[in-house]
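Structural description and commentary
Here is how the chains run, residue by residue.
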Amino acid sequence: MAMSSASRPSPAAVTVDAQTAPRPLIQLDAPGSRWVKVIDQTRCIGCHACTTACKSENEVPLGVTRTYVKAVDVGVFPQARRAFQVTRCNQCSDAPCVAACPTAAMFQRPDGIVDFDKSACIGCKACIAACPYDAIFINPEDHSAEKCNFCAHRLDVGLEPACVVVCPTQAILVGDVQDASSRVAAIVQREPVSVRRPEKETRPNLFYKGAHQATLDPLAARRPGGGTFMWSELVDGGQLVNSGHPGDRPSHGWNSSAAAVLAYDVPHHAPWDWRVSLYTWTKGIAAGGYLVPLLLLLTGVVSASSPIWMWSAPMVGGAFLALTGLLLIADLEHPTRFVKLFQRPQWRSWLVRGAVFITGFTIVLVLHFASNAAELLGAGSAPGMAGAPEALAWVGAPFALATAIYTAYLFAQAKARDLWQSSLLPAHLAVQAALAGSAVTMLVAAVVEPGAVPTLAVWLAASTAAHLALVWGEVTLAHPTAHAHLAVHEMTRGRHAGFFWFGLVLVAASLAAPFAGSVFAPALAAAALVGLLAHEHAYVQAGQSVPLA
Amino acid sequence: MNDDPTKRIEELGARVSAAREAAESRGETFYPGPSRIHLAAFPPKERWDDWVELDSRAWPDRREKRYMLVPTTCFNCESACGLLAYVDRETLQVRKFEGNPEHPGSRGRNCAKGPATLNQVTDPDRILYPLKRVGERGEGRWERVSWDEALDDIAGRIRRAIVEERPNEVMYHVGRPGEDGFTERVLASWGVDGHNSHTNVCSSGGRAGYHYWTGIDRPSPDHANAKVILLISAHLESGHYFNPHAQRIVEAKQDGAKLVVFDTRLSNTATHADHWLSPWPGSEAAILLAIANELIASGRFDREFVRRWWNWEEYLATAHPDEEPTFERFEARLRELYADYTFEFAAAESGIDAAVIGEVAELVAGAGTRLSTHTWRSAAAGNLGGWQVSRCLFLLNALTGAVATPGGTYPNAWNKFVPVPPYLPPHPHTWNDLTWPDEYPLALNELSFLLPHFLKEGRGRLDVYFTRVYNPVWTNPDGFTWIEVLTDESLVGLHVALTPTWNETAFFADYVLPMGLGSERHDLHSYEQYDGQWIGFRQPVLRAARERSGEAIADTREVNPGEVWEENEFWIDLSWRIDPDGALGIRRYHESKARPGERLSVDEYYGWIFENSVPGLPERAAAEGLEPLEFMRRYGAFEIRKGVGPVHESAVPGDELLDTATDRFGRVYTAAPKPAAVNLAPVGSPEPDADGRRPVGVVVDGVVRRGFPTPSGRLEFFSPTLWEWGWREASVPSYPRSHVHPTALATDEMVLISTFRLPVQIHTRGGNAKWLDEIAHTNPLWVHPLDADRLGIGEGELVRVETEIGYFVVKAWVTEGIRPGVVACSHHMGRWKVGDVGQRQVMATVALDHQGDQWAMNRKRGGGPFDSSDPDTRRIWWTDVGVHQNLTFPVHPDPISGQHCWHQAVRVRRAEPSDAYGDIAVDTAKSHAAFRRWLSITRPASDHSPDGTRRPYWLMRPLKPARDVYNLPGDGRHLQPEEGASAGVGRPKARLR
């Protein structure tokens, strides 16, 4: 078939001359070039064309989405309306997902697009935890994190993103905000636009025109009861979190004084499940299981030759640290890729920093154990071997402490999980390590060094008291944000209340340890350990129970 | 390839970029997108043969993929938006569907249903081979048969019916036609009056109102240029031509147009309205007449337009023969007619605040000729007398002169182009009373939904019954009666389901024959979406791709999955088998013109049309060095005209005026022969005068103008047809009270609105699109909180909805988005299957129980994950697939339009402890009694025909039979002119409850 050689630009192409400044085709290295998107909710008719066009373009499986259209019904008949929000990655200038990613699989291109490299993703879900918009998910096909990336693969061949092209009402626009002639620049700079959650200091490059507060704020609308939206199922519970406030009355806290009900939403998977709850517990035991014997040694309760210091410290610490490592790896969607943490560390990530602490701590414990083992096997006559564990403790104590408390920073890197943004969390984790350490050491001491049990019982009770005081403060103080408020509500009265109260009671029982005698005190210690685990689970899950999108 | 990523992109950019500078520097087309930046919305059309894109899944690796871009047309609603299939050049499979920028209606954009076409193509549950039932009909067991076996069997039966002069026993029942007139012509070539459509459960009400005014049965609102847009129902997200119209409505809004929406339910459209009116169902016409009254009473209407174009003289002469026939007298009568329709009256009827109606009236009064209005189904399809809603809506256009003006509303035929095909078989010489019964002489379309009742009554039987992309068991009211009839082989001899996907009706077929989806079939169509005319070409994209690569494809089955076929080739083949030697005179309409004696191919069929019947297309194709068919295969659409303008105002050329006669109202008849038709867009066909001259125009202020295809040639404010056929009280736009008017309801009854659509669903064909099902998969009952409190129903709790003939059990969606006293439930959900065969992602598995007339359906399980060739089916997370409410509705045929009046008077209450979600119970004896009762309010032709015909000949009718069979059998005359009835705006006295 012949092709006309005299092809002309279409008439429509001519009309945009004035609006299009000539510029290089590809601007990968143009400093400061910033792609922005405008979603014009005054034009959006809620048809979901963008949703399916994106699924098609990016082959996104069922159950997860890069973009979707949230709907909230606002108002009271006959003055009601339905507010839509095309919901997706905000392409933040200061992207928390990039900071949190341990392997730089999430990265920012020079043109501003927050992109991802699936081959580098280890599946730790730190990006998901970090994203204040809950815009990232694990693809069930390839087990790697993904999200909207502006259809970077289309931009790079000169095409607009799939959602922009499909939209019947041209409600989605893309462009360079520094190009004054672009439509997006005109809207962003001249019209009232909003971004989602500016208080998270992410500086989104996705601007909404005409968006309703009831959609921008995930807690402004009420989550309907009865498991149904207006034309889809509302699946809630477990690791799934829907937008909207679960309270059934305004006094329970939803953020809008206008009537607003979530009418359509897509549930999000809370990133971290029981494995992370369990990891915080094993890690606490590992740190405490080393630090408490060290403290016993330093306070003279036991001697350097005590099996508690010689064997329990490295073995309990080591065993639980090994368990911690296994859990961390088991939590990865790509367990075999955990070595990438060391091959391509992204140092702002607390997952990387934590890995260093854990590694350092592990080395100390191995050397501690090895020196004692060597001594036991007769190499003890070698000069310098005796006293090695005590010398190592100068390094071991800081590593143990760091292992105990770095998780506070890891959690804090989850910028929008307000429950975890607590300045007392490092101290609390240290207290929990002491509590766990006292408890676990007491269980060992009851067998190998009963004389230490009364001291440990006192320490257990003391650390329990401190733990309870910290929990008490967390629960009863006014909360800085509605999200923190809701998270505490979910922890103490909501879907995680069972674990919370079970854990609290079991831990609290160990206040009686100093009076329980050497038979019952270890039982209380065991109970405290179980209680602490329940508490960790309630805390970790409640922190993720607040909708962000 | 360079290793440096930046360099690589530059290299890639130089080779394939769609970006403006790169494309234009190569002399190629740049398709600007909405962002109006250097990025293109689509690849340059010059590169559609070999377009290189980066693989999104391999990202950020820049893995190149090569595609051939082939246009086709979406088949997922009636808008017929353009699609562009990306055919992978390596695998020859479609990778994705985007919009077609060359399509003038959809302009490259789509709704959610466009991209989801891909799901339908790859659906693991689709039907790939012809199937024949095993065991009893409806038993659910199937065996694969060859096309030859099926075709020979079906053709043999049709041949026998024709030869034995039982033409009315062959019936083709269509849901979505897809192509203008193709199958009607096949049926005409067989000489049968066997066309049956879904239209009377859909748009006959809407059509009738427009048709009586303009002689054309659809509106074409020019939204983009409007100042005020008045929509009845949800045209922004789910109406006819939703994507093309939504584009233009939002454009107009951005330019300052005001949007007024009547919708009892809070739709996405209502959300965007400047004024959202949620009327009591059925009161819409009262509000419209109150607005009209305001325009009339305050003199704010286009007096000149009314004087020139309304048939007011005929009205005065007929209804007030004693009065002086002056326009001033008419104006006085007009004022009188609507004087009672005050804002307060409308407020009392509708529940809308009178002040709000007043504000809307002011907007309408200020719109001038830039008032675009649209109604289609909704109120017109919901209410007894609902067809008056579209008539009263168009009254506002007719008053303001916003008819065929920029920003006004056009008759659709002027914005539609149906080219002349190679053959036009003659009108059949037979009349089928099963579809066009005596009781409904004015029905705009076939009384399709009464078919099972007519069969049960013994009015006839069917020997071969085709259902084609149609699912009456599920879509129509009273599905259990359909099942009763479809399983009775004495009533339906052979049922052939032509369908791309499983449906509830196909379960009761003898043959299930797989037909192609939107990317697997040929169709040609044109729809009124703005003031212009275009044609769109649907084509099997793999066939087009392989032909473009040099292969010869003779039969679409060669490229489609399995043995999926397309209907056009199927009909040609079947027609040959009915008349293998040509003796019946059928075959000749399906023969090649170029090679007589050989089968007509689809290439020749469309090639002939594009060469001979589409003005401008051959020239445009030649300019690109293409044959017209090649051009259409490459671009998929062609715009014939833009800016058609007011056709009615055009002066009739002198050569058409030969030996003319003019009646007393100015209708001009001519003896000049009719020029060869160019555009076959359907319009009314006013009859010749007594001397056989054909109507050609109408005298307006001394000039013979083309006018409208009505008997008078004018806009028929007054319908002499309705006057003469026994409906004097309905002869002018009026407000009949609905069967769900508050006065017709018992104190504990509510109104159920069952007609609303979901933006992402496709009636009966969305079940095979996983992305759509994921978004919308259930249909809870919308209940206002006040009603929920009164009834003690909590959010998501089970409720029992009792209709006249049974009940269904559904969940409650408690919402401020519905008027108190009204409940609503979308008809899009509630798909079911009895056995293992069917659509697993969206069909519940049910048990059907049947004791005499007592039917029960109970849900055994909902949707859920399953293993298939598509790993996504393991991830189906929804189980709720809705409830099939239509089963519990009796038939409600409007006595004039024939439209099924969907709204139901229901009792809603908390479910019984024994009720389970999805339970349905129906008594079909009650449904037959309801049918009889509604039949009793009809005014049959045999009693009311003024001229001994079965139906006014001028009215549009699909597959119109020859004029002589319009005469009633026997002497046909039982004329009883009604005395005393006046052309008022009175309400029908018929009480149905």
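Scroll up to find the structure this text is about.
Residues numbered from 1 in each chain as written. Chains lettered and ligands numbered in written order. Predicted model: local features only at pLDDT ≥ 70, side-chain atom pairs only at ≥ 80, totals over all residues. Heavy atoms only, no water.

Turning to the interface of chain A and chain B, a few remarks are in order. Each partner contributes to the interface: chain A provides 103 residues, whereas chain B provides 102 residues. Interface area, chain A with chain B, both sides summed: about 8,600 Å², of which 58% is carbon and sulfur. Scanning the region where chain A abuts chain B turns up nine salt bridges. A:D156 serves as the salt-bridge partner of B:R62, at 2.4 Å between the closest nitrogen and oxygen. Across the chain A-chain B interface, the total number found is 40 residue pairs in polar contact (both at pLDDT 80 or more). By residue number, the principal contributor to the side of chain A that touches chain B is helix α2 (residues 49-58) of chain A, which donates eight residues. By residue class, the composition of the side of chain A that touches chain B is 50 nonpolar, 28 polar and 25 charged. (Contact = heavy atoms within 4.5 Å. Buried area = accessible area lost by both parts, 1.4 Å probe. Salt bridge = Lys/Arg side-chain N within 4 Å of Asp/Glu carboxyl O. Polar contact = N/O pair within 3.5 Å; in protein donor to acceptor, adjacent residues only side chain to side chain. Helix = DSSP H or I, 4+ residues; strand = E, 2+ residues; numbered from the N terminus. Nonpolar A, V, L, I, M, F, W, Y, C, P; charged D, E, K, R; others polar.)

Next up on the list: helix α7 (residues 242-254) of chain B. Residues and elements named next belong to chain B. Its 13 residues give α7 an end-to-end C-alpha distance of 18 Å, which sits within 8% of 18 Å, the value for a rise of 1.5 Å per residue. Burial runs high along α7: 10 of the 13 residues are buried. F242, N243, P244, H245, A246, Q247, R248, I249, V250 and A252 are the residues of α7 that are buried. If you follow the buried residues of α7, they end up packed against β11 (219-221), β12 (228-232), β13 (258-262) and β15 (371-374). G256 occupies a position one or two residues after α7 and carries a positive phi of about 105°. (Expected span 1.5 Å × (residues − 1). Buried < 20%, exposed > 50% of the residue type's maximum accessible area, 1.4 Å probe, protein only.)

The next thing to look at is the packing of helix α10 (residues 307-330) of chain A against helix α14 (residues 425-448) of chain A. For any two helices packed against each other, the geometry is given by the interaxial angle and the distance between the axes. Residue and element names in this part refer to chain A. With their axes 11 Å apart at the nearest point, α10 and α14 run at an angle of 135° to one another. Judged by the angle between their axes, α10 and α14 are oblique. Where α10 crosses over α14, the handedness of that crossing is right-handed. Mapping the contact onto sequence places P307, I308, S312 and V316 in α10 and V440, T441, V444, A445 and V448 in α14. Across the contact of α10 with α14, the residue classes break down as seven nonpolar, two polar and no charged. (Axes fitted to C-alpha atoms, helices over the stretch in contact; angles between N-to-C directions. Parallel < 35°, antiparallel > 145°, perpendicular 65-115°, else oblique. Left-handed = near helix turned anticlockwise from the far one by under 90°.)

Here we take up the packing of aromatic side chains. Going through the model one piece at a time under the given rule, you end up with 64 aromatic pairs over all chains. Their ring planes at 75° and their centres at 6.2 Å tell us that B:F345 and B:Y735 sit as a pair that is edge-to-face. Note that B:F345 is positioned in helix α13 (residues 343-350) and B:Y735 in the loop between α25 (720-724) and β27 (750-753), a separation of 390 residues in sequence. You'll find B:F345 and B:Y735 in the same group, each marked buried. Geometrically, the ring pair formed by B:F454 and B:F931 is edge-to-face, given 5.8 Å between the ring centres and 75° between the ring planes. Of the two residues, B:F454 sits in helix α17 (residues 451-456) while B:F931 sits in helix α28 (residues 924-935), which places them 477 residues apart along the sequence. A relative accessible area of 0% places B:F931 in the buried class. Sitting over the ring of A:W350, A:R353 keeps its end group 4.8 Å from the ring centre. In this structure, B:R557 is placed above the aromatic ring of B:W565, and the distance from its NZ or CZ to the ring centre is 3.4 Å. (Phe/Tyr/Trp six-rings, centres within 6.5 Å; stacked < 30°, edge-to-face > 60°. Lys NZ or Arg CZ within 6 Å of the ring centre and 35° of its normal.)

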